[in-house]
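The primary structure of each chain is shown beneath.
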Amino acid sequence: MDELVKQLPIGLVITGDHGAIMYHNDLAFSMVAGQHETLIGCPICQVIPESNIIKTIKKAQPSLSLANSNKKNPKILYEYPVEWDGQKAGATLLFHSSFVEHMAYFVDKINEMKQELQLIMSLVGELVTITDEQGTILKVNEACERMMGVSKKDFIGKPMDFLEKEKIVSHSSTKQVIKEGRKVTVTQTTKSGRRLLVTGHPIFNEEGKLTKVINISKDITETDLISKELQETKKLIDYYESELHKKETNGQKPLIKSKQLKAVYDLAERIQDLDSTVLLLGEAGVGKRTLATYIHSTSKVRKNHPFVEINCGTIPEALIEAELFGQVETGGEGKQVERQGCIREADQGTLFLNDIDELSLPVQVKLLKVMEEKKVIPVGGTTAVDVDVRIIAATERDLEEMVRANRFRRELYYLVNTVPIIIPPLRERKEELPFFIQSFLEYYNRKYHYEKKFDKEVIQAFLKNDWAGNIRELQNVIETVVVTSADDEITFDQLPDKIKNATLANEDFSGQTLKTAVEEFEKNIIAKALKKSRTLKEASIVLGIDASTLTRKVKKFKLKIAEPQ
């Protein structure tokens, strides 16, 4: 008998009329023991605070209650008086709320537990309905009115067709279970406007005939609202993540996998704590701004002060002086209003003059004076203000040539060219390409919550391309293909035409005869058309040749034809 009790799928605790535990099976111990090493002799009120067993023993009446020690899976207590070793005692049956589903499966075989089952159904908190094999409601718990918007008496005895017609439910899980003969899960919208996640369970008799359907409905209305709130929060997190990414990249070296870039950053580290003016030279997109922020943020003296950037080529000439040097204006009642320029904003820190070659000659003269005297006079003002600013300038042009053409002040050139640093283009350090490709792919997968990847042809195309726009162009192309490709695997045909054409133009046909090279090219073109087409006829139309001609070439090149989906 004791061995049988131990194997019960229900926790059992026997308590004396004095409130101390006299017996328990293993399952009960695992469900309520907590920090206790043994339950024997422990007051039941300490182990199961929700227990009503003392009252049950005294009144000789069973009771049903709910223990919420684990909100995700509360325990249901069924307690009743018993006699144990010749004395009054009480039995507490413990089982998880999920056990309701298992009990419901055997409703025909446990008629004697009908009332207890109804109580349990009410305590679960979810909507439980039982229908016959035709879909007519036989039983429903107390959650009916709250979740469905109709009373139990208007629900029981109604067929599912009627409930759908009256829009009490939008979609019947019961009808789907009856039709398919299996467990199904659907979402429903009720008459009261609530959203339910409904799981329908078929019940079969010994002959395998469907006799009943049990539906358990979980209210997910609040979950949907929370989901929407989470989406809004996620957008906000994505924004902060993007901003954090910008901050994290400031002061950190980029991917350095080439000797050329290592030499650039080694030089930057040697001069980071000096006040010498730095001139960054290189094509658009090579990373001049990244290097400027690195020099500033690794400087022991200036990193805790402003880094101010001004792009000299994007500000109209009429405004550039005020942007750089500030401006004094006369406002209402003759009061003077002064606006600080970028130079004073960068005091104690660093001023990054991007595209310095775009400055007009008069502005160059004023900038030269500021750099020599360490003082700035705002436009419209007369008082000079002391400034301590380190200047890092950047340009894509040949300033020496501009000096010779009288388009750049010679004295300013000598001053900004104190420490010239040339950043080589990406095509001269292609060993870094795989790392940039992987880094940008991972970044945009995180940003847009994708799991995209490149096939081998895409990687080869990226490696063969010269990237005239350097890192910036590579980054933009990767973002474009990640967000526009429909599949998780990005293929060659999804690349921008510019990249595809450049790849084909750079194909190496050395060591091949003209005939062999042409055949190889033709084979690749046909293979790509076959891959994108469902039939030979469709591929022939794409290629602009007869289907018979295409058939011969497929046999000649031993190409595979995609199987119909």
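Our subject is the structure listed above.
I will try to describe carefully the structure that is included in this document. Everything numeric in this text was worked out from a predicted model, so none of it was measured.

So, how was this worked out
- Residues numbered from 1 in each chain as written.
- Predicted model: local features only at pLDDT ≥ 70, side-chain atom pairs only at ≥ 80, totals over all residues.
- Heavy atoms only, no water.
- Helix = DSSP H or I, 4+ residues; strand = E, 2+ residues; numbered from the N terminus.
- Buried < 20%, exposed > 50% of the residue type's maximum accessible area, 1.4 Å probe, protein only.
- Contact = heavy atoms within 4.5 Å.
- Areas by Shrake-Rupley, 256 points an atom, 1.4 Å probe, with all protein chains shown as cover.
- Pairing = 2+ DSSP bridges.
- Axes fitted to C-alpha atoms, helices over the stretch in contact; angles between N-to-C directions.
- Core = buried A, V, L, I, M, F, W, Y, C linked by side-chain atoms within 4.5 Å.
- Salt bridge = Lys/Arg side-chain N within 4 Å of Asp/Glu carboxyl O.
- Phe/Tyr/Trp six-rings, centres within 6.5 Å; stacked < 30°, edge-to-face > 60°.
- Lys NZ or Arg CZ within 6 Å of the ring centre and 35° of its normal.
- Parallel < 35°, antiparallel > 145°, perpendicular 65-115°, else oblique.
- Left-handed = near helix turned anticlockwise from the far one by under 90°.
- Nonpolar A, V, L, I, M, F, W, Y, C, P; charged D, E, K, R; others polar.
- Patch = residues over 30% accessible without salt bridge, like charges linked within 9 Å, V, L, I, M, F, W, Y side chains within 5 Å.
- Lys, Arg positive; Asp, Glu negative; His and termini not counted.
- Charge placed at Lys NZ, Arg CZ, Asp CG, Glu CD.
- Polar contact = N/O pair within 3.5 Å; in protein donor to acceptor, adjacent residues only side chain to side chain.

**Some points on the overall build of the protein chain**
And step 1. The helix and strand inventory of the protein chain stands at 24 helices and 21 strands.
And step 2. Here the protein chain holds 565 residues, and 40% of them are scored as buried.
And step 3. A sequence separation of at least 24 residues applies to 56% of the contacts in the protein chain between residues at least 6 apart.
And step 4. Of the roughly 32,000 Å² of accessible surface on the protein chain, a fraction of 51% belongs to carbon and sulfur atoms.

**Section: the sheet that holds strand S19 (residues 419-422)**
And step 1. Read across the sheet, five strands follow the order S12-S15-S18-S11-S19 without closing on themselves; strand pairing throughout is parallel. Looking at the sheet topology across the chains shown, the edges are occupied by strand S12 (307-311) and S19. For this sheet, the mean inter-axis angle between neighbouring strands, taken without regard to orientation, is 20°.
And step 2. Across four bridges, strand S11 (residues 278-281) lies against S19 in parallel orientation. Opposite Leu-281, over in S19, you have Ile-422 as the bridge partner.

**Regarding unusual backbone geometry**
And step 1. Phi at His-449 is positive, roughly 60°, even though this residue is not glycine.
And step 2. Within the secondary structure layout, His-449 lies in the loop between helix H18 (433-448) and strand S20 (453-454).
And step 3. The exposure class of His-449 is partly exposed, given its relative accessible area of 44%.

**Description of the nonpolar core**
And step 1. The biggest cluster of nonpolar side chains holds 32 residues, and the ones touching the most others in it are Leu-324, Ile-343, Leu-351, Leu-353 and Leu-367.
And step 2. Among the elements that make up this core, the one with the highest residue count is helix H15 (residues 361-373) (five residues).
And step 3. In contact with Leu-353, other than residues within four places in its own chain, are Ile-310, Cys-312, Leu-324, Leu-367, Ile-391, Ile-392, Ala-393 and Ala-394.
And step 4. Leu-426, Phe-436, Tyr-444 and Phe-462 belong to the second-largest nonpolar core, a separate cluster that totals 23 residues.

**Some points on the pattern of salt bridges**
It is possible for side chains of opposite charge to pair when their charged atoms get near one another.
And step 1. Inspection of every chain in the model, using the stated rule, returns 21 salt bridges.
And step 2. Between Arg-344 and Glu-338 there is a salt bridge, with the nearest N and O atoms lying 2.4 Å from each other.
And step 3. Each of the salt bridges in this network shares a partner with another, and the network as a whole consists of Asp-161, Glu-164 and Lys-175.

**Here's the deal with the sheet that holds strand S4 (residues 75-84)**
Strand pairing within a sheet occurs via backbone hydrogen bonds; the two strands may be parallel or antiparallel.
And step 1. Judged by pairing direction, the sheet is antiparallel, and its five strands sit side by side in the order S2-S1-S5-S4-S3 without closing on themselves. Each end of this open sheet is capped by a strand with a single partner; those strands are strand S2 (21-24) and strand S3 (63-67). For this sheet, the mean inter-axis angle between neighbouring strands, taken without regard to orientation, is 25°.
And step 2. Where strand S1 (residues 11-16) and S2 come together, three bridges link them in antiparallel fashion. If you follow Thr-15 over to S2, its bridge partner there is Ile-21.

**Comments concerning the packing of aromatic side chains**
And step 1. Scanning the model with the defined rule gives eleven aromatic pairs in all.
And step 2. Here Tyr-23 and Trp-84 contribute two aromatic rings whose centre-to-centre distance is 5.5 Å and whose plane-to-plane angle is 35°, an arrangement assigned as tilted. Taken together, the residues span a long stretch of sequence, with Tyr-23 in strand S2 and Trp-84 in strand S4 at a distance of 61 residues.
And step 3. When the ring of Tyr-78 is compared with that of Tyr-80, the centres are 5.6 Å apart and the planes differ by 35°; the resulting orientation is tilted.
And step 4. The exposure class assigned to Tyr-80 is partly exposed, which follows from its relative accessible area of 28%.
And step 5. A cation over an aromatic ring shows up here: Lys-366 above the ring of Phe-325, its NZ or CZ 4.8 Å from the ring centre.
And step 6. Of note, Lys-452 hangs over the ring of Tyr-450, and the distance from its end group to the ring centre comes to 4.2 Å.

**Brief notes about the packing of H18 against helix H20 (residues 470-484)**
And step 1. The geometry of H18 relative to H20 is characterised by a closest axis approach of 10 Å and an angle of 45° between their N-to-C directions. As judged from the angle between their axes, H18 and H20 are oblique. Both H18 and H20 take part in a crossing whose hand is right-handed. Counted together, Leu-433, Phe-436, Ile-437, Phe-440, Leu-441, Tyr-444, Asn-445, Lys-447 and Tyr-448 of H18 and Ile-471, Leu-474, Gln-475, Ile-478, Glu-479, Val-482 and Val-483 of H20 form the full contact between these two elements.
And step 2. Counted by class, the contact of H18 with H20 contains twelve nonpolar, two polar and two charged residues.

**Details of a negative patch on the surface**
And step 1. Judged by side-chain charge, Glu-451, Asp-487, Asp-488 and Glu-489 come together as a negatively charged surface patch.
And step 2. Here Glu-451 lies in the loop between H18 and S20.
And step 3. On the basis of relative accessible area, Glu-451 is assigned to the exposed category, the value being 69%.

**Thoughts on helix H12 (residues 288-297)**
And step 1. Along H12, seven of the ten residues are buried, which leaves the element largely enclosed by surrounding structure.
And step 2. Here H12 has its buried residues at Lys-288, Leu-291, Ala-292, Thr-293, Tyr-294, Ile-295 and His-296.
And step 3. As for H12, its buried residues are in contact with helix H11 (259-271), S11, S12, strand S15 (350-354), strand S18 (390-395) and S19.

**Thoughts on the packing of helix H13 (residues 317-325) against H15**
And step 1. Viewed as axis vectors pointing N to C, H13 and H15 meet at an angle of 10°, and their least axial separation amounts to 11 Å. Between H13 and H15, the angle is such that the two are roughly parallel. When H13 is examined against H15, the residues Ile-320, Glu-321, Leu-324 and Phe-325 are found in contact with a partner set consisting of Val-363, Lys-366, Leu-367 and Val-370.
And step 2. Its residues assigned to classes, the contact of H13 with H15 comprises six nonpolar, no polar and two charged.

**Description of the side chain of Ser-63**
And step 1. Examined against the element boundaries, Ser-63 turns out to sit in strand S3.
And step 2. The class of Ser-63 is buried, set by a relative accessible area of 18%.
And step 3. Polar side-chain contacts of Ser-63 include one of 3.2 Å to the side chain of Thr-56.
And step 4. Those residues in contact with Ser-63 that sit more than four places away from it in its chain are Asn-52, Thr-56, Leu-77, Tyr-78 and Glu-79.

As far as function goes, none of this settles anything; it's purely spatial.
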